Amino acid sequence: MSADAGNPGAAPRDEAAAAGGAEAAAAGGAGEAAAGGAGEGEPAAASQRVAYFGRPGTFSHEVASRRFGQGAELEPRRTISAVFDAVAGGAATYGVVPIENAVGGPIYDTVDELIRREGTGAGLVVCEELSLHVTLSLLGRKGVTPRRIYSHFVPLKHCGDWLRENYPGAQILEAESTAEAVERAAQDGEAWAIGNKGAAAIYKLDILVPKLGVKGENITRFFVVGRAEEPPPAGGRTLLLFGLDHRPGALVAALSALGRHHINLTRIVSRALPDSPEEYLFLVECEGSTEEPSFKEALALLQQHATGVRSLGSFRVSQKYE
């Protein structure tokens with residue numbers, strides 16, 4: 001079991017920790033077909049609308065482009081909540097939102113939206129998990145000595161030491177997103193930015209350093225959310241939400257119920273209830289589908305140790321985009 005114990009504190013800022021920004025490169029690029037599981041390179045149905053978090057030039061845009069192809073209508077949204085609104089209201093078939101970054105941790109805005117929408121008439125489910133190996137690039141104008149370098153706070157966390165060593169005279173400034181950082185650099189003749197190299201073409205900047213070296217893999221994971229569950233035939237995962245009685249050993253008993261049926265956990269996040277800060281809801285991702293008999297037995301046992309157990313979707317996990 002690998003797990004992220006959720007910090008019940010405030011959510012990370014805006015494009016929260018995701019993918020050196022949790023945003024996507026704007027270069028359209030052929031991608032996979034619509035969320036029916038078609039292979040990469042096949043065009044999506046023209047009628048599909050896909051809302052994604054951020055703006056053109058973000059990593060979320062890149063993931064949405066590569067997953068759904070140029071046949072889909074990709075629509076940017078400034079907030080994660082707005083992505084959920086678009087799908088819940090029927091303005092979009094699917095939404096693409098970040099859920100976790102290897103360095104920044106869980107994206108609590110997404111976690112909170114999943115919890116908030118559950119149990120309402122506009123409840124949404126997770127249909128698919130995507131992941132992107134984020135490559136950070138230094139963008140700007142050749143021949144310019146930068147006085148300012150912009151980026152989202154997560155890329156700055158990755159590359160701060162490198163920037164200070166190589167550009168000690170530049171002021172390091174935080175932007176709302178990597179796309180905003182690149183836009184600022186495009187508007188400021190003495191500024192550079194760290195972001196997605198796909199954004200260079202959009203904002204007419206040069207790629208000064210295509211790949212900034214960072215320690216470890218910088219992976220951001222994304223959820224594709226929709227209005228109807230699309231359980232995978234095999235090898236998928238399920239997202240569970242439940243509460244616990246306030247007593248010693250309650251969480252251990254709940255997780256043991258899954259362990260007895262050999263259900264492997266891949267993620268766990270806790271969130272305090274707004275009206276009762278000493279009580280928590282747990283968002284647990286685990287291997288298996290609600291369609292599998294053994295998983296149904298595990299859920300039945302879990303219900304004996306937890307309160308309000310419900311599934312937020314059984315979904316497939318697609319391969320990582322490089």
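Heads up: the structure comes first, above all this text.
Along any regular strand, the residues point their side chains to alternate faces of the sheet. Across the nine residues that make up strand 5 (residues 125-133), a large majority, nine, are buried. Here eight bridges tie strand 5 to strand 11 (residues 219-226), and the two strands are oriented antiparallel to one another. Residue pairing across strands places His133 opposite Ile219, the latter belonging to strand 11.

Taken N-terminus to C-terminus, the directions of helix 3 (residues 80-88) and helix 4 (residues 108-117) make an angle of 35°; their axes are 9 Å apart at the nearest point. Seen from above, helix 3 lies across helix 4 with right-handed handedness. Listed contacts from helix 4 to Ile80, Ser81, Phe84, Asp85 and Ala88 of helix 3 are Asp109, Thr110, Glu113, Leu114, Arg116 and Arg117. Broken down by class, the residue content of the contact of helix 3 with helix 4 amounts to four nonpolar, two polar and five charged.

The residue Thr266 is located in strand 13 (residues 265-273) in this model. A relative accessible area of 16% means that Thr266 is categorised as buried. Taking C-alpha positions, Thr266 is 5.5 Å from Glu285, a pair spaced 19 residues apart along the chain. At a separation of 2.6 Å, a polar atom in the side chain of Thr266 contacts the side chain of Glu285.

In total, this model carries five aromatic pairs according to the counting rule given. Between Phe68 and Tyr94, the aromatic rings sit 5.7 Å apart at their centres with planes inclined by 25°, giving stacked as the arrangement. With Phe68 in helix 2 (residues 59-68) and Tyr94 in strand 3 (residues 94-101), the pair connects residues that are 26 residues apart, well separated along the chain. Exposure class is identical for Phe68 and Tyr94. Each is buried. Each ring, one from Phe242 and one from Phe282, has its centre 6.0 Å from the other, and the planes form 25°; the classification is stacked.

Turning next to the environment of Val83. Its place among the elements puts Val83 in helix 3. Once the C-alpha coordinates of Val83 and Val50 are considered, the two residues, 33 residues apart in sequence, prove to be 9.0 Å apart. Ignoring sequence-local partners within four residues, the contact set of Val83 consists of Ala51, Tyr52, Phe53, Arg77, Gly95, Val96 and Val97.

This part covers the packing of helix 8 (residues 250-259) against helix 9 (residues 293-302). Closest axis-to-axis distance for the helix 8/helix 9 pair is 8 Å, and the angle between their directions is 160°. The orientation of helix 8 with respect to helix 9, classified from their angle, is roughly antiparallel. Crossing angle aside, the handedness with which helix 8 passes helix 9 is right-handed. Between helix 8, through Ala254, Ala257 and Leu258, and helix 9, the contact on the second element is made entirely by Ala298, Leu301 and Leu302. Across the contact of helix 8 with helix 9, the residue classes tally to six nonpolar, no polar and no charged.

Pairing is possible between side chains of opposite charge, provided their charged atoms come close. Across all of its chains, the model carries 25 salt bridges by this definition. Arg237 is paired through a salt bridge with Glu129; the nearest N and O atoms lie 3.7 Å apart. In this pair, Arg237 is assigned in strand 12 (residues 237-243) and Glu129 in strand 5, connecting sequence segments 108 residues apart. Side by side, Arg237 and Glu129 carry an identical accessibility label, which is buried. As a salt-bridge pair, Asp188 and Arg148 come within 2.7 Å of each other at their nearest N and O atoms. Here the residue Asp188 occupies a position in the loop between helix 6 (178-187) and strand 9 (191-195), and Arg148 occupies one in strand 7 (residues 148-151), the gap between them amounting to 40 residues. Take Asp188 and Arg148: they sit in the same class, and that class is buried. What you see here is one network of salt bridges that share partners, running through Glu100, Glu129, Arg221, Arg237, Arg267 and Glu285.

Conventions used here
Residues numbered from 1 in each chain as written. Predicted model: local features only at pLDDT ≥ 70, side-chain atom pairs only at ≥ 80, totals over all residues. Heavy atoms only, no water. Buried < 20%, exposed > 50% of the residue type's maximum accessible area, 1.4 Å probe, protein only. Helix = DSSP H or I, 4+ residues; strand = E, 2+ residues; numbered from the N terminus. Pairing = 2+ DSSP bridges. Axes fitted to C-alpha atoms, helices over the stretch in contact; angles between N-to-C directions. Left-handed = near helix turned anticlockwise from the far one by under 90°. Contact = heavy atoms within 4.5 Å. Nonpolar A, V, L, I, M, F, W, Y, C, P; charged D, E, K, R; others polar. Polar contact = N/O pair within 3.5 Å; in protein donor to acceptor, adjacent residues only side chain to side chain. Phe/Tyr/Trp six-rings, centres within 6.5 Å; stacked < 30°, edge-to-face > 60°. Parallel < 35°, antiparallel > 145°, perpendicular 65-115°, else oblique. Salt bridge = Lys/Arg side-chain N within 4 Å of Asp/Glu carboxyl O.

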